[in-house]
Amino acid sequence: MGKLNVAILRYLTSEDFRVLTAIEMGMKNHELVPESLAAQIANLRYGGVHKLLKELCRHRLLSYERGKNYDGYRLTNAGYDYLALKVLAQRGTVTSFGNQIGVGKESNIYIVANDDGDSACLKLHRLGRTCFRNIKSKRDYHQHRKSPSWLYLSRISATREYAYMKALYDGGFPVPKPIDFNRHCVVMELVEGGPLCGVHKVDDVGLLYDELMNLIVKLGNHGVIHSDFNEFNVMITNSGKPILIDFPQMISTEHVEAATYFERDVKCVRDFFKRRFAYESELYPTFHDILREDCIDVEIKASGLTKQMEKDLLKEMGMIEVEDEETEDECSENASEEDKSTDESEINCVQLQVENSVRSEFMCTSKETFVNAKVNGK
Ligand code: ADP
Ligand code: MG
């Protein structure tokens with residue numbers, strides 16, 4: 001993806017955003033959103049919507065596609081980006097856009113700045129794109145059902161990342177300061193430095209090794225496991241301090257496979273230090289080193305994520321096995337029940353806002369009202 005043209009934000013009208021939002025909502029239950037449904041959700045005249053849809057396609061924020069049974073519109077990555085950026089811009093957390101500084105496995109990373117000109121890091125989550133993890137179980141999974149949409153997965157991923165980052169930051173862990181999030185976008189402190197994978201020389205290798213192992217254990221003592229702790233997800237600041245990033249796949253120490261993930265994190269650090277610095281130590285933690293008695297659940301404020309949503313994400317990431325079909329079907333029924341009620345309330349909410357002509361371009365923001373939840377979901 002090229003550079004985002006944020007200037008477009010200024011030219012798009014509130015009606016444009018109303019139509020984009022309508023397509024976003026329609027996509028919860030439809031792969032392609034027919035024009036009539038878009039008009040109904042947007043609560044605009046049919047003819048008026050047609051012109052707006054055409055124009056949004058011209059800007060490549062929507063695409064028009066032919067389906068098996070009917071034709072319709074879908075949001076493009078850029079369309080979804082603009083919906084989120086519009087909200088972040090209005091909140092003043094992202095007002096200007098800089099260079100792309102990274103392409104992760106499942107994200108695009110940009111430098112941005114706020115109203116006051118302070119720099120920050122923007123992570124756009126892109127799940128359900130190309131994920132080569134867990135191919136077998138995914139193949140089986142997809143045989144029986146439609147794959148969860150990228151819209152849905154990317155939003156859960158960002159929400160989960162923000163929630164964990166906030167809990168860790170508040171708990172004094174060395175992670176970027178979380179600033180804001182919307183949909184699939186997370187805004188966080190910009191780490192001045194680079195990922196550990198680019199570091200070939202450090203002053204005290206043993207000290208850095210100990211710091212990283214202590215960090216893994218301290219996370220465990222607080223009831224969580226990073227689960228992707230490696231040289232790509234540890235940044236080293238210009239003053240040599242490690243900062244941990246990338247949290248969507250974090251799990252609880254109560255997870256059935258907690259020991260496996262804990263020990264894999266430890267092994268990643270050991271392997272890297274051996275490979276890069278020819279450093280080996282007899283001392284390394286095991287899952288049993290976690291201080292159970294001190295195990296305080298990190299108190300996080302999760303934003304309306306249901307158990308099913310977290311499960312869908314972890315499945316996509318290959319973190320949990322796909323259960324047998326029966327359970328699956330049960331889950332899907334529950335999920336669709338849930339989806340339906342959310343849909344209706346969201347539509348009502350947006351229409352109410354539209355009628356009041358207040359922030360009509362917003363999705364219902366109440367979904368991001370934080371409620372208290374615990375990392376372990378206990
Ligand atoms: P992914 O989930 O796709 O792996 P990451 O969160 O690991 O994404 O980020 C990918 C890359 O972007 C990192 O390796 C790092 O180079 C850069 N990056 C991520 N977060 C920050 C940040 N807060 N400050 C500076 N660079 C960052
Ligand atoms: Mg990463």
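Details of the structure are given in the entry above.
Summarised in this report is the structure supplied together with it. (Residues numbered from 1 in each chain as written. Chains lettered and ligands numbered in written order. Predicted model: local features only at pLDDT ≥ 70, side-chain atom pairs only at ≥ 80, totals over all residues. Heavy atoms only, no water.)

Scanning the protein from terminus to terminus reveals 11 helices and 14 strands. Sorting the 378 residues of the protein into buried and exposed places 51% on the buried side. Intrachain contacts of the protein at a sequence separation of at least 6 include 68% that bridge at least 24 residues. Entry remark: accessible area of the protein is about 18,700 Å², with carbon and sulfur atoms responsible for 49%. (Helix = DSSP H or I, 4+ residues; strand = E, 2+ residues; numbered from the N terminus. Buried < 20%, exposed > 50% of the residue type's maximum accessible area, 1.4 Å probe, protein only. Contact = heavy atoms within 4.5 Å. Areas by Shrake-Rupley, 256 points an atom, 1.4 Å probe, with all protein chains shown as cover.)

The subject of this paragraph is the site of ligand 1. Around ligand 1, a shell composed of 19 residues is seen, among which Ser107, Lys123, Val191, Asn233 and Asp246 lie nearest. At 2.7 Å, a side-chain N or O of Lys123 approaches an oxygen atom of ligand 1. One nitrogen or oxygen atom from the side chain of Asp246 is found 2.9 Å from an oxygen atom belonging to ligand 1. A total of 560 Å² of accessible area belongs to ligand 1 in isolation, and the protein chains cover 89% of it. Elements supplying a minimum of two residues to the shell around ligand 1: β4 (107-113) and β5 (119-125). Residues belonging to the shell around ligand 1 are distributed by class as follows: 11 nonpolar, three polar and five charged. (Near = heavy atom within 4 Å. Polar contact = N/O pair within 3.5 Å; in protein donor to acceptor, adjacent residues only side chain to side chain. Nonpolar A, V, L, I, M, F, W, Y, C, P; charged D, E, K, R; others polar.)

With respect to topology, three strands assemble into an open sheet ordered β8-β10-β11, the strand pairing being antiparallel. Every other strand in the sheet has two partners, leaving β8 (193-195) and β11 (242-244) as the edge strands with one partner each. Sheet twist, expressed as the mean angle between neighbouring strand axes with direction ignored, is 30 degrees. The pairing of strand β10 (residues 234-237) with β11 spans three bridges and is classified as antiparallel. By the bridge assignment, Val234 is partnered in β11 with Leu244. Helix α8 (residues 205-221) rests against β10 and β11 of the sheet, and its axis sits at about 30 degrees to β11. (Pairing = 2+ DSSP bridges. Axes fitted to C-alpha atoms, helices over the stretch in contact; angles between N-to-C directions.)

Let us now look at a negative patch on the surface. On the surface, a cluster of negative charge is made up of Asp203, Asp204, Asp210 and Glu211. Residue Asp203 is classed as exposed on the basis of its relative accessible area, which comes to 86%. (Patch = residues over 30% accessible without salt bridge, like charges linked within 9 Å, V, L, I, M, F, W, Y side chains within 5 Å. Salt bridge = Lys/Arg side-chain N within 4 Å of Asp/Glu carboxyl O. Lys, Arg positive; Asp, Glu negative; His and termini not counted. Charge placed at Lys NZ, Arg CZ, Asp CG, Glu CD.)

Time to look at the environment of Ala278. By the element assignment, Ala278 lies in the loop between α9 (258-277) and β13 (299-302). In the structure, Ala278 is positioned 163 residues away from Asp115 in sequence and 46 Å away in space, judged by C-alpha atoms.

Note on the magnesium ion (ligand 2): its protein donors are Asn233 (OD1) and Asp246 (OD). The metal-donor distances range over 2.1 Å. You can see Asn233 sitting in the loop between β9 (224-225) and β10 and its partner Asp246 sitting in the loop between β11 and β12 (251-252), a full 13 residues away along the chain. Using a relative accessible area of 5% as the deciding quantity, one classes Asn233 as buried. (Donors = N, O, S within 2.8 Å, 3.2 Å for Na, K, Ca; no water.)

Just distances and angles here, no functional claims.
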